[in-house]
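Listed below, chain by chain, are the residues.
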Amino acid sequence: MAFWPTKYDDSHRRRTPPGSAQPAVRPPAADPSPTPGMPADQPPRGAAEARTVLRLAQLLRGAITPLRGDAVLELLEPHRPRLVPKPINPLPALVGQPPGRMLDALLRPIGQIVTDVLLPGVRDHLIDRLVAGRTDHEESLPGAVDLAEAMRALVSRMRGGGKSHLQAVISAIEADARATADTLTRDTRPIDVGGIDRLARALLRFEVRRMALEALGGTGALQTVIYQSRRLARYSLRRATEAIEGFVADRGLKTLHASLATLAQADGLIVIALRNLDDQEETKEESGPFVEPADRKAMNDWLSAAWRLSDTLFDLVGKAAAGGELDDLLFAALLRQLRSLHHFCADLTHAGRPAAVDTLKQRLVDRCDALARLTGERLVEALLAKPADPALARRLMARGRLLAQLLYDMNRDEAVEELALRIVVAGEALGESR
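Everything quoted here is computed from the prediction, not taken from an experiment.

Per the stated rule, a full pass over the model turns up one cavity of 30 Å³ or more. By volume, the largest cavity is sized at about 50 Å³. Forming the boundary of the largest cavity are Asp369, Ala372, Arg373, Gly376, Ala415, Glu418, Leu419 and Arg422. Among the secondary structure elements, those contributing two or more residues to the lining of the largest cavity are α12 (355-384) and α14 (413-429). Considering only residue class, the lining of the largest cavity consists of three nonpolar, one polar and four charged.

Our next topic: the packing of helix α11 (residues 328-347) against α12. Running from N to C, α11 and α12 cross one another at 140°; their axes reach a closest spacing of 9 Å. For the element pair α11 / α12, the angle class is oblique. Two packed elements cross with a definite hand, and for α11 against α12 that hand is left-handed. Of α12, the residues touching α11 (which contributes Leu338, Leu341, His342, Cys345 and Ala346) are Val357, Leu360, Lys361, Leu364, Val365 and Cys368. Residues that form the contact of α11 with α12 fall into these classes: nine nonpolar, one polar and one charged.

Proteins that are soluble and globular tend to have nonpolar side chains buried together. Counting residues in each nonpolar core, the largest one holds 121 residues, and the members touching the most others are Leu126, Trp302, Leu338 and Phe344. Take this core: its biggest share by element is 14 residues, from helix α3 (residues 99-130). Residues in contact with Phe344, not counting those within four places in the same chain, are Leu269, Ile270, Ala273, Trp302 and Leu303.

Cut-off values and rules
- Residues numbered from 1 in each chain as written.
- Predicted model: local features only at pLDDT ≥ 70, side-chain atom pairs only at ≥ 80, totals over all residues.
- Heavy atoms only, no water.
- 1 Å grid on protein atoms, 1.4 Å probe; cavity = no way out; pocket = protein on both sides within 12 Å on 5 of 7 lines; lining within 4 Å.
- Points joined across faces, edges and corners; volume = space filled by probe spheres on them.
- Helix = DSSP H or I, 4+ residues; strand = E, 2+ residues; numbered from the N terminus.
- Nonpolar A, V, L, I, M, F, W, Y, C, P; charged D, E, K, R; others polar.
- Axes fitted to C-alpha atoms, helices over the stretch in contact; angles between N-to-C directions.
- Parallel < 35°, antiparallel > 145°, perpendicular 65-115°, else oblique.
- Left-handed = near helix turned anticlockwise from the far one by under 90°.
- Contact = heavy atoms within 4.5 Å.
- Core = buried A, V, L, I, M, F, W, Y, C linked by side-chain atoms within 4.5 Å.
- Buried < 20%, exposed > 50% of the residue type's maximum accessible area, 1.4 Å probe, protein only.

What follows is the structure, encoded as structure tokens:
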């Protein structure tokens, strides 16, 4: 028979972000400030300079020897401007000198190449990737955070030379974080398909901004980005809460669509919730006697709405599982919401998650088990009735198959087997061969 459920495989969904975690900017060629409208499906500028800077930072660590000096000069030769004289390795004449003096001697002939060619190239490269979102060919590019660390190390080696380029990256990231948060939090349109995932991707991009700013040493900008990220996480939870609260309130088709669209993006919701829980942990806010911290309130409001939604869903599904009139497509849609709620609770792995998450997960399991038993019992009753009601039995069989799939996805194998046995027997009694 074809009703047997197939295991719901979400292994490709959990831990895989909704989108690229790399953010971005649109600067013109000579200006590191963001310029809206630049295509994001192009490779970022300065890829060659970026690779060179990463290698150069490695060569300048550890013992500086004449052989290493030759390697540095060879590495930088393709980037030497035409009018800059070819550097000569000064280290053979300094063998035995202190390492600091040898490093200074090597940096003098290459300093202009570093400050006038490499650092501007890395500046443009990082801004393109972290602000403009130009991440084409990203798999072949060096990591943005590694580049930020190398850029800061080179500026330090140069005793502040080229610091303006480093500061340009910091300023561009900070400005982009503010602009992104402002744009997203002003959006009042109803949540649609992909809306939650877009917010989750934006939060993941904030994570990359944070790591890059930490590597660049942009302390003030880092605090701005942290604040904007917290603000966006709270907003995202509020939008998700509003979407499912709407269906709880009136159960109309429009609100059903918003609720379905929200819960269908369970992985995005998990990303948002994890960011919120991290924010709570980082700030360690303590609620006063009358004030609840904003981050905690956003999470508690979301979980309260999810609990009320589960009540609504079980009310509607319970009547249908007992044989009540309900469109089969609507029944399947309601079960999808229950599946998504369970997925959210089961996969929200965070040490600071509220106990209400585990309570809701167990409640979903218990009530879905009860629904399966109810459907199986009503199916037997429909077959044994005098006269038998084959139309009701077939409707219950169809709903039982959907419930069996839901239970299978929730790893409720015993409940699946019990319901499946009754469906098989009912199918044979009705003469069904499929």
